[in-house]
Amino acid sequence: MVAAVITWPDHTTDRPPVTLTATGGIDRASHHRLDEAWLGAAWSHPTTRCFVVSGGQVLIEDTGDGGAELVTMPSFDAPLTEAHRYFLGIDEDGVRYFALQKDALPGRMDDAARPAGLREAGTLLSERDAQLMVHAVALENWQRMHRFCSRCGERTVIAAAGHIRRCPACGGEHYPRTDPAVIMLVTDPEGRALLGRQVHWPKGRFSTLAGFVEPGESIEQAVVREAGEEAGVTIGRVEYVASQPWPFPSSLMLGFVAHATSTEIRVDGEEIEEARWFSREELRAAFASGEVLPPSGISIAARLIELWYGQPLPGPL
Ligand SMILES: [Zn+2]
């Protein structure tokens, strides 16, 4: 039987259970965003660090221990031309961090630096660097998609150190958008888990069901609806587990365990082409034979499956 109270397995206690969800000691210090004098002084401070974000990528450098770090620079070295400046926060040592959004990453600062997106860097960076990057990438994605006023169509301008876009024509203020999406591990009374395959996924890849929350819908309703639409199963109890920022381009993944009250599967055939119930033993055997590929990457999906599975999933084969 599935435990009524959801707790992470012991092996997850010594690391953040979900990638991109640790603050890494960064205080976003949002009360400074409208204070131009403070921002100016913070930018000029000799310990301030900044990095360029462009097209969802930053420069990272391997640390030699299997991880990587953000390549940052002091503000007096910053390539400010044609850059939008985002204030990201202050770390535990009082260092202020800014991101510079530009059309391109700077040329190679040294041989070790290389461009990386969040899917790669998210698993390599420290909690602090991952938090800085996910904030910068999310802001950049929002800025890119919301250049014009949704009320009157005028081009908007950036304010609040990257956290507001103002419309000079109608005075409208636009704030960063986050789109809620539910992602759920569906279990049945026998303790099996329902995993599905999206049509465009590589052969053998199975994962949790997921979908966007619709207007006028609670997140619990969305879990029930999506499980019904994608796999034809009915859901009783729904338990929230954890969330994860997912700025691809602007989602917030809300992770659940959903308890099915029916087990007959009817996939929609459009989004999900196949769904199967797995016992832990069946999934273990399917991983071992290569019939099912273990989920990889930074998504909360792998953590939700791991929560049920009770042990770390095998690494990418
Ligand atoms: Zn407007």
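Rules and cut-offs
- Residues numbered from 1 in each chain as written.
- Predicted model: local features only at pLDDT ≥ 70, side-chain atom pairs only at ≥ 80, totals over all residues.
- Heavy atoms only, no water.
- UniProt positions renumbered as here; feature names shortened; annotations may be inferred.
- Pairing = 2+ DSSP bridges.
- Helix = DSSP H or I, 4+ residues; strand = E, 2+ residues; numbered from the N terminus.
- Axes fitted to C-alpha atoms, helices over the stretch in contact; angles between N-to-C directions.
- Contact = heavy atoms within 4.5 Å.
- Phe/Tyr/Trp six-rings, centres within 6.5 Å; stacked < 30°, edge-to-face > 60°.
- Buried < 20%, exposed > 50% of the residue type's maximum accessible area, 1.4 Å probe, protein only.
- Lys NZ or Arg CZ within 6 Å of the ring centre and 35° of its normal.

The name that an unreviewed UniProt entry assigns to the protein is NAD(+) diphosphatase, with the source organism given as Streptomyces pini. Per UniProt, the comment on the protein under Cofactor (unreviewed entry) is "Mg(2+)".

Turning our eyes to something else, we now look at the sheet that holds strand β3 (residues 68–70). Taken in spatial order, the three strands make up an open sheet running β3-β2-β7, and their pairing is antiparallel. The open sheet is flanked by β3 and β7 (113–117), the only strands paired with a single partner. Ignoring which end each strand starts from, the neighbouring axes of this sheet average 50 degrees apart. Pairing of strand β2 (residues 57–62) with β7, which is carried by five bridges, proceeds in the antiparallel orientation. Note on β7: the bridge partner recorded for V58 is A116. Against the sheet, helix α3 (residues 127–145) touches β2, β3 and β7, its axis set at about 50 degrees to β3.

The next subject is the packing of aromatic side chains. If you walk through the whole model with that rule in mind, you get eight aromatic pairs. Seen from their ring centres, W38 and F87 are 5.2 Å apart, and the 70 degrees between their planes marks the pair as edge-to-face. One end of the pair, W38, is in helix α1 (residues 36–44); the other, F87, is in strand β5 (residues 84–90), with 49 residues separating them in the sequence. Taking the relative accessible area as the measure of exposure, F87 reaches 0% and is therefore buried. Taken together, the ring pairs in this structure connect W38, W43, F87 and F98 into an aromatic cluster. Over the ring of F248 we find R119, and its NZ or CZ is 4.3 Å from the ring centre. Residue placement shows R197 over the ring face of F206; its charged tip is 5.9 Å from the ring centre.

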